[in-house]
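Below, each chain spelled out in residue letters.
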Amino acid sequence: MTRTPSTTVTPVRLWRWRRNPLRRHSDVVEAWIVLATWVLALLGGALAGFAAAQASDAAFSARRAQLHAVSAVLTDDAAKTPPAGTGYDDGRVWAAVRWTEADGSVHTDRTKVFAGAPAGSGVTVWTNQAHRVVPAPVTGASAGLQAGLTGALVAPSAAAAVWGAGWVVRGRLIRRRMAEWDEEWKQIGPRWGNLSGA
């Protein structure tokens, strides 16, 4: 019967400088700075991303509250073909429309409609409080997606800013510790030369 060699399990220490006689106060401070930097970067990034997503969603809701959809009619026939070379081509053309508000006032403006639409065709347009035609507000899944993407972009940026600030503080601490070691070595170094027996 073969015996397996016994293995000793060494405990994992989460704190590297614990019970170390060479540990200095600056080592403990540096360890806390690194820990705080990572915790704040993760939490700060997550909170900043969540706040940005909420703010974006609130902005979409506020814009939706300021706009309203109205039924309008084309006053002229729409062009049969969209102009070439306009960049983003969605197959629509600009045309004049007319609509009547709830108070009976008649308004006209221009909006994009499908090419070839005849005069008198009904279209739905979105208007603002100044009775001007504006792009349709972002709603539903598109609003949720854009708010989520906004949060996803803000979160890493905020985390990187916190992480960078923590590493600047850590870098200053390391430079200060090195300067202290240089000063101590200027005092102790000459004594070491005398130990060589020369």
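Structural data are supplied above this passage.
Residues numbered from 1 in each chain as written. Predicted model: local features only at pLDDT ≥ 70, side-chain atom pairs only at ≥ 80, totals over all residues. Heavy atoms only, no water.

Student: It is not clear to me how the overall build of the chain should be interpreted in this structure. Could you clarify?
Tutor: Assigned secondary structure in the chain consists of two helices and five strands. Put simply, the chain runs from its N terminus to its C terminus through helices and strands in the order α-β-β-β-β-β-α. Within the chain, the proportion of its 198 residues that are buried is 23%. Approximately 14400 Å² of the chain is accessible, and the part contributed by carbon and sulfur atoms is 62%. (Helix = DSSP H or I, 4+ residues; strand = E, 2+ residues; numbered from the N terminus. Buried < 20%, exposed > 50% of the residue type's maximum accessible area, 1.4 Å probe, protein only. Areas by Shrake-Rupley, 256 points an atom, 1.4 Å probe, with all protein chains shown as cover.)

Student: So what exactly am I meant to see when it comes to the pairing of strand β2 (residues 92–100) here?
Tutor: Where burial is concerned, the two faces of β2 differ: the one with V93, A95, V97 and W99 is buried and the one with R92, W94, A96, R98 and T100 is not. When strand β1 (residues 68–74) meets β2, the two strands line up antiparallel, connected through two bridges. Within β2, the residue paired with V73 across the bridge is R98. As paired strands, β2 and strand β3 (residues 106–114) are joined by nine bridges and run antiparallel to one another. Within β3, the residue paired with A96 across the bridge is R110. (Pairing = 2+ DSSP bridges.)

Student: Sorry if this is basic, but what is going on with the environment of G164 here?
Tutor: One can find G164 in helix α2 (residues 140–194). Note: C-alpha distance between G164 and A41 (123 residues apart in sequence) is 9.2 Å.

Student: Honestly, unusual backbone geometry in this entry has me stumped. Any pointers?
Tutor: Residues other than glycine predominantly adopt negative phi, and peptide bonds predominantly adopt the trans conformation. Here the phi dihedral of H131 falls at roughly 60°; this positive angle occurs in a residue that is not glycine. According to the relative accessible area criterion, H131 is partly exposed, its value standing at 26%.

Student: Is there a simple way to explain the pairing of strand β4 (residues 122–127) in this structure?
Tutor: The two faces of a sheet get side chains in turn, since along a regular strand they alternate between them. Side-chain alternation along β4 places V123, V125 and T127 on a buried face and G122, T124 and W126 on a face that remains uncovered. Where β1 meets β4, six bridges bridge the pair, whose relative direction is antiparallel. Following the sheet pairing, A72 is matched in β4 by V123. Note that β4 and strand β5 (residues 133–134) share two bridges and pair antiparallel.

Student: Help me out: how do you make sense of a nonpolar patch on the surface in this one?
Tutor: Together, W32, L35, V39 and L43 give the surface a local cluster of nonpolar side chains, amounting to about 390 Å² of exposed area. On the secondary structure map, W32 appears in helix α1 (residues 25–66). (Patch = residues over 30% accessible without salt bridge, like charges linked within 9 Å, V, L, I, M, F, W, Y side chains within 5 Å. Salt bridge = Lys/Arg side-chain N within 4 Å of Asp/Glu carboxyl O.)

Student: What should I look at first to understand the side chain of D27 in this one?
Tutor: Its place among the elements puts D27 in helix α1. There is a polar contact of 2.8 Å between the side chain of D27 and the side chain of R177. (Polar contact = N/O pair within 3.5 Å; in protein donor to acceptor, adjacent residues only side chain to side chain.)

Student: What is the right way to look at the sheet that holds β1 in this model?
Tutor: The five strands are arranged β3-β2-β1-β4-β5 in an open sheet whose pairing can be described as antiparallel. Lying at the two open borders of the sheet, with one neighbouring strand each, are β3 and β5.

Student: Mind showing me how you'd approach the nonpolar core here?
Tutor: Most often, soluble globular proteins keep nonpolar side chains buried together rather than apart. Formed by 13 residues in total, the largest nonpolar core has its most connected members in L74, A78, V97, V113, V123 and V125. Counting residues per element, the ones that place at least two in this core are β1, β2 and β4. For this core, the element with the highest residue contribution is β2, accounting for four residues. Residue contacts for A78: discarding those within four places in its chain leaves V93, A95, V113, F114, G116 and A117. (Core = buried A, V, L, I, M, F, W, Y, C linked by side-chain atoms within 4.5 Å. Contact = heavy atoms within 4.5 Å.)

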